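Tertiary structure, described
Here are the chains, one letter per residue:
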Amino acid sequence: MQIIVVGCGKVGRTIIEQLSMENHDVTVIDTNSSVIHDVTNNFDVMGVVGNGASYGVQTEAGIEHADLLIAMTDSDELNLLCCLIAKKAGGCNTIARVRNPVYNNEIGFIKEELGLSMAINPEAAAATEIARILRFPSAIKIETFAKGKVELLKFIIGEDSILNNCSLIDVAKSIKSEVLVCAVERGDDVIIPNGSFVLKHDDTISIVASPKNSREFFQKIGVETHQVKNSMIVGGGTIAYYLAKELLNSGIDVKIIDKDHARCEQLSELLPEAVIINGDATNQDTLMEEGLVHAESFVSLTGIDEGNIFLSLYAKSCSKAKIVTKINRISYDEIINDFHLGSLIYPKFITAENIVRYVRAMQNTVGSNVETLYKIIGNKAEALEFLITADAPVVGIPLGELKLKDNLLIASINRAGEILTPKGKSQIQVGDTVIIVTTHMSLHDIKDILRD
Amino acid sequence: MNYPIIGYILGWVLLFESAFMTLPCVTALIYKEQEGYAFLAVAIACFVLGFAITRKKPKNQIYFAREGFVTVALSWIVMSLFGAAPFILNGDIPSFTDAMFETISGFTTTGASILTNVEGLSYCSLIWRSFTHWIGGMGVFVFLLAVLPMTGGYNMHLMRAESPGPSVGKIVPRVRDTAKILYGIYIAMTVMEIVLLLLAKMPLFDALATSFGTAGTGGFGIKNDSMAGYSILIQAIVTVFMILFGVNFNAYYLLLGKDKKSAFKLEEVRWYFGIIVVCVLVIAWNIHDVLGNAFLALHEAAFQVGSIITTTGFATANFDLWPQLSRTILVIIMFIGACAGSTGGGIKVSRIIILLKTVKQEIGYFIHPRSVKVIKMDDKALDKSTVRSVSAFLVTYVIIFGVSMLILAFDNLDMVTNFTAIAATFNNIGPGLELVGPNGNYSMFTPVAKYVLMFDMLAGRLEIYPLLLLFTPSVWKKN
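Residues numbered from 1 in each chain as written. Chains lettered and ligands numbered in written order. Predicted model: local features only at pLDDT ≥ 70, side-chain atom pairs only at ≥ 80, totals over all residues. Heavy atoms only, no water.

The subject of this paragraph is the overall build of chain B. From N to C terminus, chain B includes 22 helices and two strands. Against the compact-globule benchmark of 23 Å for 479 residues, chain B has a radius of gyration of 22 Å, which places it among compact chains. Its C-alpha atoms put chain B at 65 × 55 × 55 Å along the principal axes. Considering only contacts within chain B whose residues lie at least 6 apart along the sequence, 72% involve residues at least 24 apart. Summed over its atoms, the accessible surface of chain B is roughly 19,800 Å², and 69% of this surface lies on carbon and sulfur atoms. The averaged location of the 28 negative side-chain charges in chain B is 15 Å from the averaged location of its 34 positive side-chain charges. (Helix = DSSP H or I, 4+ residues; strand = E, 2+ residues; numbered from the N terminus. Rg over C-alpha atoms; globule rule 2.2 N^0.38 Å. Contact = heavy atoms within 4.5 Å. Areas by Shrake-Rupley, 256 points an atom, 1.4 Å probe, with all protein chains shown as cover. Lys, Arg positive; Asp, Glu negative; His and termini not counted. Charge placed at Lys NZ, Arg CZ, Asp CG, Glu CD.)

Attention now moves to helix α8 (residues 168-175) of chain A. Residue and element names in this part refer to chain A. Listing the buried residues of α8 in full gives Leu168, Val171 and Ile175. Viewed along the axis of α8, the buried residues span an arc of 50°, placing them on a single side of the element. Counted as exposed and oriented over 90 degrees from the buried face of α8: Lys173 and Ser174. Following α8 by one or two positions, Lys176 adopts a phi angle in the positive range, close to 50°. (Buried < 20%, exposed > 50% of the residue type's maximum accessible area, 1.4 Å probe, protein only. Arc of directions from axis to C-beta.)

Now for the side chain of B:Ser105. All names here are of chain B. Its place among the elements puts Ser105 in helix α5 (residues 96-107). A polar contact of 2.6 Å, which involves the side chain of Ser105, links it to the backbone oxygen of Ala112. Beyond its immediate stretch of four places on either side in the chain, Ser105 contacts Thr110, Gly111, Ala112, His133, Phe220 and Met457. (Polar contact = N/O pair within 3.5 Å; in protein donor to acceptor, adjacent residues only side chain to side chain.)

This next bit is on unusual backbone geometry. A positive phi angle, close to 50°, is found at A:His340, a residue other than glycine. On the basis of relative accessibility, which here comes to 47%, the residue A:His340 falls in the partly exposed class. Phi angles above zero are rare outside glycine, and B:Asp378 is one such case at about 50°. With respect to the secondary-structure elements, B:Asp378 resides in the loop between β1 (376-377) and β2 (380-381).

Next up on the list: the pairing of strand β7 (residues 141-145) of chain A. Residue and element names in this part refer to chain A. Burial runs high along β7: four of the five residues are buried. Where β7 and strand β8 (residues 150-156) come together, five bridges link them in antiparallel fashion. In the sheet register, Ile142 faces β8, and the bridge partner there is Leu153. The hairpin turn running from β7 into β8, its antiparallel successor, is four residues long, and Ala146 in that turn takes a positive phi close to 45°. (Pairing = 2+ DSSP bridges.)

Right, let's talk about the sheet that holds strand β20 (residues 408-415) of chain A for a bit. Residues and elements named next belong to chain A. Here five strands make up an open sheet; going across it, the order is β18-β19-β22-β20-β21 and the pairing antiparallel. This sheet does not close on itself; its edge strands, each paired only once, are β18 (370-377) and β21 (418-420). Each strand axis lies, on average, 20° off the axis of its neighbour in the sheet, ignoring direction. One ladder, built from three bridges, connects β20 with β21; its direction is antiparallel. (Axes fitted to C-alpha atoms, helices over the stretch in contact; angles between N-to-C directions.)

Residue and element names in this part refer to chain B. Summed over the entire model, instances satisfying the criterion amount to three cavities of 30 Å³ or more. The volume enclosed by the largest cavity comes to roughly 40 Å³. Contributing to the lining of the largest cavity are Gly137, Pro164, Ser342, Thr343, Gly344, Gly345, Lys348, Asn428, Gly460 and Arg461. Grouping the constituent residues of the lining of the largest cavity by class yields one nonpolar, seven polar and two charged. (1 Å grid on protein atoms, 1.4 Å probe; cavity = no way out; pocket = protein on both sides within 12 Å on 5 of 7 lines; lining within 4 Å. Points joined across faces, edges and corners; volume = space filled by probe spheres on them. Nonpolar A, V, L, I, M, F, W, Y, C, P; charged D, E, K, R; others polar.)

A word on the domain arrangement of chain A. Looking at chain A, the domain boundaries give domain 1 (2-120), domain 2 (230-345) and domain 3 (360-449). For domain 2 of chain A and domain 3 of chain A, the distance between their C-alpha centres works out to 37 Å. (Domains from an automatic or database assignment.)

In this assembly, 15 residues from chain B lie in contact with 15 residues from chain A. Our count for the contact surface shared by chain B and chain A stands at two salt bridges. One salt bridge in this structure joins A:Asp25 and B:Arg174, with 3.2 Å as the shortest N-O distance. The tally of links from chain B across to chain A stands at six residue pairs in polar contact (both at pLDDT 80 or more). (Salt bridge = Lys/Arg side-chain N within 4 Å of Asp/Glu carboxyl O.)

With that settled, consider the confidence of the model for chain B. In this model, chain B carries an average pLDDT of 90, and 99% of its residues clear a pLDDT of 70 or more. Both scores are given for the predicted complex: the pTM is 0.83, the ipTM 0.77. (pLDDT = per-residue confidence, 0-100.)

Below, the discussion takes up the packing of helix α6 (residues 123-138) of chain B against helix α9 (residues 175-199) of chain B. When two helices pack together, their arrangement is given by the angle between the helix axes and by the axis-to-axis distance. Residue and element names in this part refer to chain B. Where α6 contacts α9, the two axes come as close as 10 Å, and the packing angle between them is 145°. Between α6 and α9 the crossing geometry is right-handed. Contacts from His133, Trp134, Ile135, Gly137 and Met138 in α6 reach Leu182, Tyr183, Tyr186, Ile187 and Thr190 in α9. Of the residues assigned to the contact of α6 with α9, the class counts are seven nonpolar, three polar and no charged. (Left-handed = near helix turned anticlockwise from the far one by under 90°.)

Encoded structure:
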């Protein structure tokens, strides 16, 4: 597909990387020529220097033949204008990043009137993801499929866990629950395991199950499943606002610490139920005074990645809180993972995931659409949800007889709201949605799961 | 330095060279020539070697600008070595130095020859000589990128190292598609010329060799008198195509698209045609008295200007005998060269434009010391780094030219011969003046001088820096 990306910041760059890897024709527009220079040197994309909202610049980037324009600049207004002009000039689909809460509240109207295909709010998306984790603190990452009927949970096996040194067949026998282990991270490797695979401590495993089954599973292996009672949030930015709102709605007490007095007043006005503290969180006394030791969860959301990492390390050392760390910019995943900080939130990846999902779905004009897509482990494994239509080549064949690609797993079948754990004899039917977990990137269609 | 990936790409280059060599093999088969076995042997050797190397993909496929530049420079040398081998084996050009000179002259689309009797060569050697022009014209890597399914954003480093011009861009978002479009236009135009030449009653073999020579703006003739023996019509067709192959290929892509007008608005293309028209008129007026016929004067002037500015180097007349003004103009346009993004050589029209604008800007600073002025091209502000690299290019160019002059001086030939020999090889033209004029050749130089000229030809084709990088020790260090 011909895709134009306007704005090449952190998020823009992540999207460009993803889309060019998936063999799309990507043209990048940015006002900064050195940024364009850099991005065209690193990815197989074309660059245009100029203002993305200009008709002339868009024409130069080939708006007439473009299928999609993605506006990812810093400014909401500019993004909306880019999309509006693109819509009028080329009639293509448009995606805009809109982060201002004022517009966000009216996003339905804006989308409708400007003809946007999608409006994306990285901060709100990140907040939703954090809130999900705090409702279930034993997991380090939770994704939902089939409108919440299936969950993908990621957690680390502790040394004293009963799963340590246990093969997957034994897990199924001894625990007897409808839970499927679909991916295991061990060191830098990602494994899609089979029955004889033996789990070790420090493995990060991902399981697919319905919420009820997963709660049962965690109880059986002796892990607490209740949501946190309170949360300490450092940094009062936009994510903090969205997060606090969600947490307060689920009855979790929220305490926000921010340096800026004016921002604190603003937050206090917007979130009357939250406790707003005006103080410097890098000062240990402030954190202690506000009861870090007894906090059940600690979320570092300041604008400085290094600061967030240090705050989280400190919180880990002096409390038992569930720790969530936001990372905007830096990309030393391997090193950050070594700190065992628990849940890491990368807003740029969440945004890129949303867009890649949209692009893949757009490619399938008819047929088995990609309904949902998550990158389970960076760029190493994905979980996709497909809707099965009549012409899919997998319908009505027992799963045991399908010639599936290696490193690919059918993790769950959702039949009219009922969640089935796939067995060798199960068959996929028209109208089902199935969840596939795989290390093969860029599956577009359900038929791609079969060997060529 | 990622050595495995450099070796791997070199392997692919060998495979492509063996494929290209099937053309002289087929020619030998048609003319039943013994000399063809040498091409067959080398083609097989290239294939076996290339196949062995490319069987295993290196683990680390990431490479950066310096690997790209080094790979391109090395590939051109390796290609020339294997391309020269058949000449030595079949005895057409027995000396190693001469065979290398002839092959490098071919691949770099120079067209400078050490042969005193071209017509004595076998047909298969003749077609290979001309075909190297065609391969070298658009570039091996552009071909490689168009055909091979190589992924990743790093491929641009290869294209940038091989394609001429101050700032190499893409015409469509993906390198592979860009390469395909370029070769598509290249092949289509070559076929067009072959057909027209055949219609003008040129024999098939001559039409093929001439078209390859024109398309790559190379200039190897297959006759001792270059193009002089052919009819006026054939010469006119060659004139038109020489000039067309010197145009920036982006213009053709624009012509194929919706917005045809913008092709005619490209500043570089306008300057290019402007320079040609002015030079043709002045030379035609200047040689009018010598030839005594206005039409003939215009025809000869157009052919020679087209041949020299596009750095092709075909000749219909011995312009060495023309009046001093015409000779001087021809030497000057040797340096200007063709457009960036074409198959021609030289400094390139766009660089000349940028340099002239820099001079104008500099003069402006003397008049208004606090003035701020941005250099623009095609109504767009040029990057400071582009302007800087153009100035640096010119400095490097002058230095290499000077050093070459110094080394050639040991041969004790006259100044004009030495100067135009370097100008004609460094700018990938072919014939110069005096001893290396249209009726002369490069056979009288000593081997040392020939190697200097070979370096100049490669440096000229790859625009200096890839080749200089080979001689920079820090590039070869592990880190």
